[in-house]
Amino acid sequence: MRTTRTVPARPVLIVTFTLATAGSLLLGGPDAAGAEPKPVTREGAAVDDRAAQAPASAARRALAAPEETSTGTATRGYPRRQVLSPDPENPGDTSLKLGLIPYHGIAPKLNALQRLGDRVSVEVAGRSAGGHRLYLVTVTAPETTRQARAQERMRELIENAPATAAKSPEIKRGYKTPVFVNGNIHGNEWEGTDAALKIVEQLATAKDAKTRDLLAHSRLYFNITANPDGRIAGTRANANGFDLNRDFVTASQPETRAMRQIELDKQPAVLLDLHGYVNGTLIEPTTPPHGENYEYDLFLKNSYANALGMESAVNSLDYTPAKDGVEPAQIPFRDQEEGWDDWPPIFTPQYAAFHGTVAAHTVEIPLAVNNEEYDELPVPELRRRSAVNTAVAGAAIRATLNHVREHRASLVADQIEVFRRGAAGAPQVPVSPETVPGVPGIGPEDVYTTTFPRAYVIPPGDSRTQRSAPAAARLVDHLLANDVRVTRATRPFRLAGRTYPEGSYVVDLHQPKRGMANALLADGRDISGKVSVMYDISGWSLGRLWGATVERVPSGSLRGAPLRPVTGAAPVARVPAHGDLLLRLTDPREVAALNSLLQQGVPVRRGLDGSAIVPARARRQAVSAARTHDVSFAATRLTGGTPLHRLRVAAAVTPGELFALREMNFDVTPVSTAVLNAGFDWSGTDVLFVSAGLDHAALTAPARRALDAFLDEHGLVGRGATGAALNAAADRLAVKPVAGNTDANGVVRTRNTGRVTHGAPAHAFVYAPLWFSDLGPGVRVEQSYATGNPLVSGHWRPLRDGTGGPAAAAGQASVVSGGRTVLFGTEPLFRDHPKGEFPQVARALFTVAHSGSVEESG
């Protein structure tokens, strides 16, 4: 519990997608007595039950190779002007109702800003899932090409030779502090875009000494709208239905990858991520738990100092609760006990901390104008609120720029220290009143550190079968995309008493971005006993969920090891020259390859272990599939059983699940209660997958009869409470679903016993976990939660009555099958993240669609 506060704690009212707080803040005032604070909790429902509707075209764009953009090109000076072609006017752009700039107005505005002088440059950082341009604006004093190259050289020195950079007079004298302002990552939180454009316009022409000093010693980067799809449509998510501020660990979406590349290329020391709506304005740093892989002492020191400046600037706007409905600003670290944490690096500021950002903030502006407010409030009131919000966001940006101007030397020095500790393998510095002076209320509840291993080793996969090789390659490429350094063994070697094969990948944790590497590869931690509530997910380990073998090496020396740096994983594609071919369906790339073969009409049969057997006469198509999807076929003498055919899947699923199905190349048609009630034609469908947005009781009588008839002839794959409810309503599989704590999530240990889960990792991801009891005749357990405490990392507490916890789930069935039905209590496709679990769903779909019963499973 906080031992020191400068302000009274405040109760919190929770509403869907909008958080409002009551009470007042007295800057620097005495600690006041009051009721125990209630936590600020996650926006929206804990369980996503929205049925996805994203068009297949958006998924294709997101899954395509990144297009060429004008950032990351050869170093050249500033300004970097370009004339942007206009977008067609869109009278349906939701920004217009609020009196804000529509997306089609941004390109002309940026063209005009570039004409104001020599300080503003515009580049295209990529395109959204919906195909819209992402604009990166740079504001800085002009630079020649030679000066720009000097800046790039210093930036690289800071990361790659931090001990040298710390002593460099050139860096202290001449390095321009990079600042990143990210706007509108949630599409229906609009005003950050408008505030950024106003600030850019002011900076473009200001002649005062402070502005000239700021731009002479800083580069200011503005991602004008991180989510143009959502801005236009008035949705939180992009065109694929993804919350981009939950995607940074996975980076499934093009907008997220563009933001990641900006952070890698520009290496900001300071970052603002502009959101809405929390009243009063919420300015991070956060409540516990704090990410254990950060250099949190440096992060807290700088973030808290900048937060105080933003708080003062926002409050100085003189908005009041009585006059404007605006409460004073709040800083969660100081003003709340828990509920708004920085534990997972899925959020923009928390992810940025691993790339050297030492002051990073989510800023939640105050007055709600989205969702029901957008629909119900009169236009004049909406525009009044938007004007207030724009002013608040502008005040936060200006205060941050002032802070950077006054503290640029210490900000850069602390960024260098982040990288120095990583490269040297130096210990973290726990936060305390002594190590972070000037920050009130630091207590033991704020101390989160970890023990970094010496290295991780990722074996390349079985040399004969290439099993897990696609997973290892994917993981290595993902690490490299996140600027984690990876090496590969040129011959067998020994490390810490073990021998590893040639081709093994080694991640040395003595590297500048060790925090990033460990955050992705480590198991994580069970933090259930630390806090009562978490803001979002609490476990995400790629080492456990992505299907590759990842071995933690606690200690030892890499000196003399035959390791060479890599810039990409070695190709996996392999097809034997003779005989029939076996494709193991234990990786999503293998499933995608199978679906491409089926789409071409290749005759494929199913092996007894759930693999796919391709005849020798289709070797040419197999070679093409292997190269396209980077998978390996093995020679086999097996003939296989059931012929497989291309599946047409009707799916009432979440956006992340729909995206994952399309990533595996399934032919998917989104459905929902409304779609079925409108008269859905089932004749083109082979199997139904349900996890969200389909309520049997809400169907019309004709829709219900059509659905029941389809299920009788075909089958059901269900996930979670919605899938289990449909199973019960349609009288399918005789099981009793048991709901765990709906707020629980994380990585759990599992035991795989069936064909659906054959070859799956011994770990799964859960969110609102479910299990099945009272199994009837013919029901087979495909997977069960491990005995003991199955939770490896995350947050999973029992309910107040003692039920719903991990102890209750231990040993219980998590995936069951029988009678053309498979039910999942886990989250195998969650947000397109747990890649190693994807094939379980694919196998379930093929099993249900290709047999009258799944009792043969296993």
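Small disclaimer: the values here were computed from a predicted structure and weren't measured. (Residues numbered from 1 in each chain as written. Predicted model: local features only at pLDDT ≥ 70, side-chain atom pairs only at ≥ 80, totals over all residues. Heavy atoms only, no water.)

Turning next to the packing of aromatic side chains. Inspection of every chain in the model, using the stated rule, returns 20 aromatic pairs. Each residue in the set Tyr294, Tyr296, Phe299 and Phe354 is aromatic and connected to the rest through ring pairs, giving one cluster. Here the basic side chain of arginine 80 rests over the ring of tyrosine 78, its NZ or CZ set 4.1 Å away from the ring centre. Between the NZ or CZ atom of lysine 97 and the centre of the ring of tyrosine 374, over which it lies, the distance is 4.4 Å. (Phe/Tyr/Trp six-rings, centres within 6.5 Å; stacked < 30°, edge-to-face > 60°. Lys NZ or Arg CZ within 6 Å of the ring centre and 35° of its normal.)

Take the sheet that holds strand β19 (residues 563–565) next. Strand order across the open sheet formed by 5 strands is β18-β13-β17-β14-β19, with antiparallel pairing between neighbours. This sheet does not close on itself; its edge strands, each paired only once, are β18 (551–553) and β19. Strand-to-strand twist of the sheet, defined as the mean angle between neighbouring strand axes without regard to direction, takes the value 30°. On top of the sheet, helix α16 (residues 469–481) reaches β13 (455–458) and β17 (505–508); it is set at about 140° to β13, its chief contact. (Pairing = 2+ DSSP bridges. Helix = DSSP H or I, 4+ residues; strand = E, 2+ residues; numbered from the N terminus. Axes fitted to C-alpha atoms, helices over the stretch in contact; angles between N-to-C directions. Contact = heavy atoms within 4.5 Å.)

It is worth spelling out the nonpolar core at this point. In this structure, Leu110, Tyr135 and Phe222 are the most contacted members of the largest nonpolar core, which totals 150 residues. Sort the elements by how many residues they give to this core and helix α15 (residues 379–424) lands first, with 15 residues. Apart from residues lying up to four places away in sequence, phenylalanine 222 is in contact with Tyr135, Leu136, Val137, Val139, Val181, Ala196, Ile199, Val200, Leu203 and Ile397. Ranked by size, the runner-up nonpolar core spans 47 residues in total, among them Ala52, Leu598, Phe666 and Val841. (Core = buried A, V, L, I, M, F, W, Y, C linked by side-chain atoms within 4.5 Å. Buried < 20%, exposed > 50% of the residue type's maximum accessible area, 1.4 Å probe, protein only.)

Right, let's talk about the side chain of histidine 186 for a bit. Inspection of the secondary structure puts histidine 186 in the loop between β5 (177–183) and α6 (191–205). Residue classification places histidine 186 among the buried positions, given a relative accessible area of 1%. Excluding residues that lie within four positions of it along the chain, histidine 186 makes contacts with Asn227, Thr235, Arg236, Asp243, Asn245, Arg246 and His275.

A separate point is unusual backbone geometry. Cis peptide bonds are those with omega within 30 degrees of zero, and the linkage from asparagine 279 to glycine 280 qualifies with 5°. Turning to its location among the elements, glycine 280 is positioned in the loop between β8 (278–279) and β9 (282–283). Going from proline 288 to proline 289, the amide bond is cis rather than trans, its omega being -5°. Topologically, proline 289 is positioned in strand β10 (residues 287–290). Of note in the backbone geometry, aspartate 318 takes a positive phi value of approximately 65° without being a glycine. Looking at the secondary structure, you find aspartate 318 in the loop between α10 (296–315) and α11 (321–324). Although it is not a glycine, aspartate 630 adopts a positive phi angle of roughly 55°. Mapping aspartate 630 onto the fold places it in the loop between α20 (619–629) and β23 (634–636).

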